[in-house]
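# Coordinate analysis (summary)
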Amino acid sequence: MAEVIIVPTSDEAGALVADEIVRLIAARPDAVLGLATGSTPLPVYQALRSRVGGVDVSRVRGFALDEYVGIDPAHPQSYRSVITREVVEPLGLDPALIRTPNGALETIEHAGDDYEHAIAAAGGVDLQILGIGTSGHIGFNEPGSSFASRTRVKTLIEQTRQDNARFFDSIDDVPLHCITQGLGTILDARHLFLLAFGENKAAAIAGAVEGPVTASLPGSAIQLHPHVTVVVDEAAASQLQHADYYRYVLAHKPAWQGL
Ligand code: GLP
């Protein structure tokens, strides 16, 4: 099962994941990070700012989970822009080593395959950061996504467009289509960190961690992965049936075990 860590605040979650990322980079300077967008990973990126001084990040590689289709990469809400602003620039990463799926319409037919080849050529993702949508999506794999899916174009459901409208002037500006790593792509990463904060994520987290494994809740795909760390605050953990057990496990965790 996934290891579930319940923390008091999102800042503590950010620190915990950032520490693990720094450990990884120290051990493997050309580590491949799986980067997520949305508001959830921001505490991780924030915590990394004060930690990267101690390690050489010049060879760190990264792959974003997803991108909007047809959006100008220079648009402030393109995921390319978000990753540049929140991750690449503040952490001093080499932008040439950080990839996002290409949402340009001219090349969209083979953009998914191109991205899969790039991830494979990099040797796969070492550590994948994930948020979860209120629909249970990870990346932009909306309900119904195949567990075998690879990077491809998807149509966003209305709820996701409404959730993301806060980043745009209006919901009409939220693109209809996206290009996202598939569930199969995500499951190939060596270590998954799924983060969630706030009560509006509680149902999705309970479904992902404890519910049936079902394409109707794509986050439940994490149950098929051998190495998953779920980091949530109390509100996001509030619908977990076995929360007390997760706390008990953590309190009695053998000292030699890392994350
Ligand atoms: C977004 C992203 C996901 C993200 C999720 C939750 O649309 N495509 O990668 O995990 O939805 O977003 P947030 O963290 O802002 O709640």
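It should be noted that the structure appears before, not after, this text.
Here goes a summary of the coordinates provided. Sequence order as written defines residue numbering, which begins from 1 separately in each chain. Predicted model: local features are reported for residues with pLDDT of at least 70 only, side-chain atom pairs are reported and counted for 80 or more only, and whole-chain, interface and lining totals are derived from all residues. Think of the side-chain values as coming from all heavy atoms in the structure, minus any hydrogens and water.

## Focus: the site of the ligand
- Here a residue is considered near a molecule or strand provided that any single heavy atom belonging to it is located within 4 Å of it. Looking at the ligand, there are 13 residues lining it, with Ser39, Thr40, Asp66, Asn164 and Lys201 nearest.
- One nitrogen or oxygen atom from the main chain of Ser39 is found 2.8 Å from an oxygen atom belonging to the ligand.
- Here the ligand has 390 Å² of accessible area as a free molecule, and 95% of this is covered by the chains.
- Here the shell around the ligand is built from residues that sort into three nonpolar, seven polar and three charged. Under the rule applied, a polar contact is a pair of N or O atoms within 3.5 Å (in protein, one hydrogen donor and one hydrogen acceptor; residues adjacent in sequence only if both atoms are side-chain atoms). Each accessible area value is a Shrake-Rupley result obtained with a 1.4 Å probe; residue values ignore everything except the protein chains displayed when judging cover. Amino acids outside the nonpolar list (Ala, Val, Leu, Ile, Met, Phe, Trp, Tyr, Cys, Pro) and the charged list (Asp, Glu, Lys, Arg) are all regarded as polar, and Gly is one of them.

## Describing the sheet that holds strand β7 (residues 152-155)
- In this description, strands pair whenever DSSP reports at least two bridges between them. Numbering goes from the N terminus for both helices and strands, where a helix is a DSSP run of H or I of at least four residues and a strand is a run of E of at least two. The strand order across the open sheet formed by three strands is β4-β8-β7, and the pairing between neighbours is antiparallel. Both edges of this open sheet fall to β4 (66-68) and β7, since each of them pairs with a single strand only. Across the sheet, the mean angle separating the axes of adjacent strands is 30 degrees when strand polarity is ignored.
- Looking at chain direction, β4 and strand β8 (residues 177-180) are connected through three bridges and run antiparallel. From the neighbouring strand, Tyr68 faces β8, where its bridge partner is Cys178. Axis definition: a line fitted to C-alpha atoms, over the contacting stretch in the case of helices. Angles run 0 to 180 degrees between N-to-C directions.

## Side note on the nonpolar core
- What we call a nonpolar core is a set of buried Ala, Val, Leu, Ile, Met, Phe, Trp, Tyr and Cys residues that are connected through their side-chain atoms within 4.5 Å. Throughout this description, buried means an accessible area under 20% of the type-specific maximum (1.4 Å probe, protein chains only), exposed means over 50%, and partly exposed covers the range between. Within the largest apolar cluster, 71 residues are counted, with the highest numbers of intra-cluster contacts made by Ile21, Leu48, Leu194, Ile205, Val230, Val232 and Leu240.
- Here the element with the most residues in this core is helix α1 (residues 10-27); it accounts for seven residues.
- Of all hydrophobic cores here, the second largest spans 10 residues; its members include Tyr79, Leu156, Val174 and Cys178.

## Focus: the packing of aromatic side chains
- Stacked, edge-to-face and tilted are the three classes for Phe, Tyr and Trp ring pairs, Trp counted by its six-membered ring, which pair at centre distances within 6.5 Å; planes under 30 degrees apart are stacked, over 60 edge-to-face, the rest tilted. For the coordinates displayed, the defined rule picks out six aromatic pairs.
- Their ring planes at 80 degrees and their centres at 5.6 Å tell us that Phe63 and Tyr115 sit as a pair that is edge-to-face. Residue Phe63 is found in strand β3 (residues 61-64), and its partner Tyr115 is found in helix α4 (residues 108-121); the two are separated by 52 residues along the sequence.
- The rings of Tyr68, Tyr79, Phe140 and Phe168 are connected pair by pair, giving a single aromatic cluster.

## Topic: the pattern of salt bridges
- Each reported salt bridge corresponds to a side-chain nitrogen of Lys or Arg within 4 Å of a carboxyl oxygen of Asp or Glu. Scanning the model with the defined rule gives 14 salt bridges in all.
- Put simply, Arg51 and Asp19 hold a salt bridge, and the shortest N to O gap is 2.6 Å. Of this pair, Arg51 sits in the loop between α2 (42-49) and β3 while Asp19 sits in helix α1; the two residues are 32 residues apart in sequence, bridging distant segments of the chain.
- Residue classification places Arg51 among the partly exposed residues on the basis of a relative accessible area of 26%.
- On the basis of relative accessible area, Asp19 is assigned to the partly exposed category, the value being 32%.
- Here the residues in one salt-bridge network are Arg28, Asp30, Arg59, Arg61, Asp126 and Arg190, joined through shared partners.

## Describing the side chain of Ser145
- Within the secondary structure, Ser145 sits in the loop between β6 (127-130) and β7.
- A polar side-chain atom of Ser145 sits 2.6 Å from the main-chain carbonyl oxygen of Glu142.
- Engagement of the side chain of Ser145 in a polar contact is seen with the side chain of Arg152, the distance being 3.4 Å.

## With respect to the packing of α1 against α2
- Remark: α1 packs on α2, axes separated minimally by 7 Å, with the N-to-C direction vectors making an angle of 60 degrees. Put simply, α1 runs oblique to α2. Handedness of the α1/α2 crossing: right-handed. Residues Ser10, Asp11, Gly14, Ala15, Val17, Ala18, Ile21 and Val22 of α1 pack against Pro43, Val44, Ala47 and Leu48 of α2.
- Across the contact of α1 with α2, the residue classes tally to nine nonpolar, two polar and one charged. Here the word oblique covers every angle except those under 35 degrees (roughly parallel), over 145 (roughly antiparallel) and from 65 to 115 (roughly perpendicular). By the definition used in this description, the sense in which the near helix is turned from the far one sets the handedness, with an anticlockwise turn below a right angle giving left-handed and a clockwise turn giving right-handed. Contacts are assigned to residue pairs that have any heavy atoms within 4.5 Å of one another.

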